[in-house]
Amino acid sequence: MTDGHNPPLTLGIAGFGTVGSGLIRILRENRAEITARTGREVRVKSVLVRDLSKARACPLPDGARLTDNPADLLDDPETDVVVELIGGTEHAGDLVRKALCAGKHVVTANKALLAEQGNDIFALAAEKKLHLGYEASVCGGIPIIRTLRQALAGDRLDSLVGILNGTSNFILSEMSDKAMDFASALKEAQTLGYAEADPVLDIDGRDAAQKLYLLIRLAWGAEYPYSAIPVCGITDVSPIDIRYAREFGCRIKLICYARLHGDDPQHGGIEAGVCPALVHERFLLARVEGAYNAVRAEGNAAGSVFLHGKGAGDLPTGSSVTADILDIAKNMPPDNTGYACPHLPAPARVIAPHESFSPHYLRLKVTDRPGVLRDMAAILADHAISLAQVIQKDDAAETSQEPADKAEPNTVPLVLMTHKASDDAVHKAVDALAASPFVRESPVRFRVLTGKTGALPNLRAGA
């Protein structure tokens, strides 16, 4: 039902999987609220699928039809919005471009497509003066896109830091809370539906990096190439390091970070990356558990803004898709990136590893003999790295949870916390330590998340 003046907004949905089903359910169950907010009906006319015979999780809306022909969406003059929920980049990119060229608004949840082909697609949407909604592409149901584009539009943002991948966060939470190893926690995530059968994009950090790329563009209106984002996943995180992190009052999380250097992205530059990091328990990010996501934005006016919620799922992600559709239904002008020149962002200066400073956690297994700590400290000092804290455990404590064939006599673990040092210096120091005769295994290192001042958190004394 409409108010008698506004015609319905007609959707063609590409994809009837998890998110597509959630969207259709929201449009059906919240129909009255949607009409009250927009003054018009939002209706689904076509749903594009690959297999017409496949059973579906929810029924089609009244009057909608299934099709396996993209032309039924693209060439239909009644279809106002194409909602792309098929994923991938090749077919999805072709569909999005054709929809925009046909004069149809686009709403998508496809962060991979926008990370890899976003410049061209944003430019096309700007040329056609059409909406390109992508709230659902980052953090599921958390409204981080519109927060950066609208609520914090008057701030000069200093930094973004967050947990952008629910699968990795679930795995690390299980490892922390239930003392699971990585393989067991991954299997649990797959059993519960939090991880795909092939989870590589999640656990190697690339999914989170795609989302970070979009947030950087929104936060600073600059092009920071997706390929330039340093990425490290969680496959090398072990129960031992989780246990030692706890002794420092920290938890290990897969952290996405971006920070502005100087006054602008072009001259000062942007520092960014995705990596496992120690997060002190006094930070809210340390308490984000399970498959949840969170983002903290730091601005010069609003200060610290923290958003937390479900990062995936049918209804949370469908809610974000619905929010973009409602903007179109209200006839709001397109504001796809939040900047007056949305399709040609200036390139940001990429901060190099020797300019990126952080405290670091290091774990080494070393020969148990006098002078090792002195020699190790000398190697670190040669790379301008100073130590904040050292923990030494006896070998029995270290190997008690390891397989027997990994135990090595006459060795002890050393766990070090450094003061702030450049990533480049720590990398070179770790290589030098690995080549030294007293180090028996490849050293393990993680960054340590610091606060706004960059100071090392107040660490507990190691036992």
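So, how was this worked out
- Throughout, residues of each chain are indexed from 1 in the direction in which the sequence is written.
- Two thresholds apply to this predicted model, a pLDDT of at least 70 for residue-level local features and 80 or more for giving and counting side-chain atom pairs, whereas whole-chain, interface and lining totals are computed over all residues.
- The basis for every side-chain value is the complete set of heavy atoms in the structure, and neither hydrogens nor water enter the calculation.
- Pairing between two strands requires that DSSP report at least two bridges joining them.
- Starting at the N terminus, helices and strands are each numbered in turn, a helix being any DSSP run of H or I of at least four residues and a strand any DSSP run of E of at least two.
- Here, axes are lines fitted to C-alpha atoms. For helices the fit covers the stretch in contact, and angles between N-to-C directions go from 0 to 180 degrees.
- When checking whether two residues touch, look at their non-hydrogen atoms; a contact exists if any pair is within 4.5 Å.
- pLDDT: the predictor's confidence for each residue, scored from 0 to 100.
- For each structure, a 1 Å grid was placed over the protein atoms alone; sets of points admitting a 1.4 Å probe that cannot get out are labelled cavities, open sets with protein on both sides within 12 Å along at least five of seven lines are labelled pockets, and lining residues have an atom within 4 Å of a point.
- Grid points are joined across faces, edges and corners, and a volume is the space filled by probe spheres set on the points.
- Amino acid classes used here: Ala, Val, Leu, Ile, Met, Phe, Trp, Tyr, Cys and Pro are nonpolar; Asp, Glu, Lys and Arg are charged; the rest, including Gly, are polar.
- Exposure is judged per residue with a 1.4 Å probe applied to protein chains only, and the accessible area is read against the type maximum: over 50% gives exposed, under 20% gives buried, and values in between give partly exposed.
- Our arc is simply the arc of the directions from the helix axis toward the C-beta atoms.

1. Some thoughts on the sheet that holds strand β11 (residues 292–299)
- In spatial order, the strands read β12-β11-β7-β9-β10-β19-β15-β17-β16; together these 9 strands make up an open sheet with mixed pairing. In this open sheet, the two edge strands, each paired with only one partner strand, are β12 (303–310) and β16 (387–392). Geometrically, the sheet is characterised by an average inter-axis angle of 25° between neighbouring strands, direction not taken into account.
- In terms of strand pairing, strand β10 (residues 270–280) meets strand β19 (residues 444–448) through 2 bridges, oriented parallel. From the neighbouring strand, A277 faces β19, where its bridge partner is R447.
- Packing of helix α7 (residues 166–178) onto the sheet brings it into contact with β7 (157–163), β9 (250–260) and β11, and relative to β9 it is tilted by some 145°.

2. Things to note about the confidence of the model for the protein chain
- Per-residue confidence for the protein chain averages 91 on the pLDDT scale, and 92% of its residues sit at or above 70.
- Counting contacts from residues 395–405, a segment whose pLDDT is below 50, to residues more than four positions away or on other chains yields 16 contacts.

3. Considerations on the environment of L364
- With respect to the element layout, L364 can be found in strand β15 (residues 360–367).
- Sequence separation between L364 and P239 is 125 residues; the distance between their C-alpha atoms is 15 Å.
- Not counting residues up to four positions away in its chain, the partners in contact with L364 are M376, V412, P413, L414, L416, L433, V439 and P443.

4. Side note on the layout of surface pockets
- Put simply, the second largest pocket is a space of about 690 Å³.
- Lining the second largest pocket are 34 residues; nearest its centre among them are C232, C275, P276, R445 and R447.
- Looking at the lining of the second largest pocket, the elements that each hand over two or more residues are β10, β15, α15 (423–435) and β19.
- Tallying contributions element by element places β10 first for the lining of the second largest pocket, with 6 residues.
- For the lining of the second largest pocket, a count of residues per class yields 18 nonpolar, 8 polar and 8 charged.

5. Structural notes on helix α8 (residues 182–191)
- Looking at α8, one finds that the buried residues are F182, A185, L186 and A189. Projected down its long axis, α8 shows its buried positions confined to an angular sector of 100°, all on one face. The exposed set on the far side of α8, more than 90 degrees from its buried face, consists of A183, K187 and T191.
- Its buried side turned inward, α8 meets α7 and α9 (200–203).

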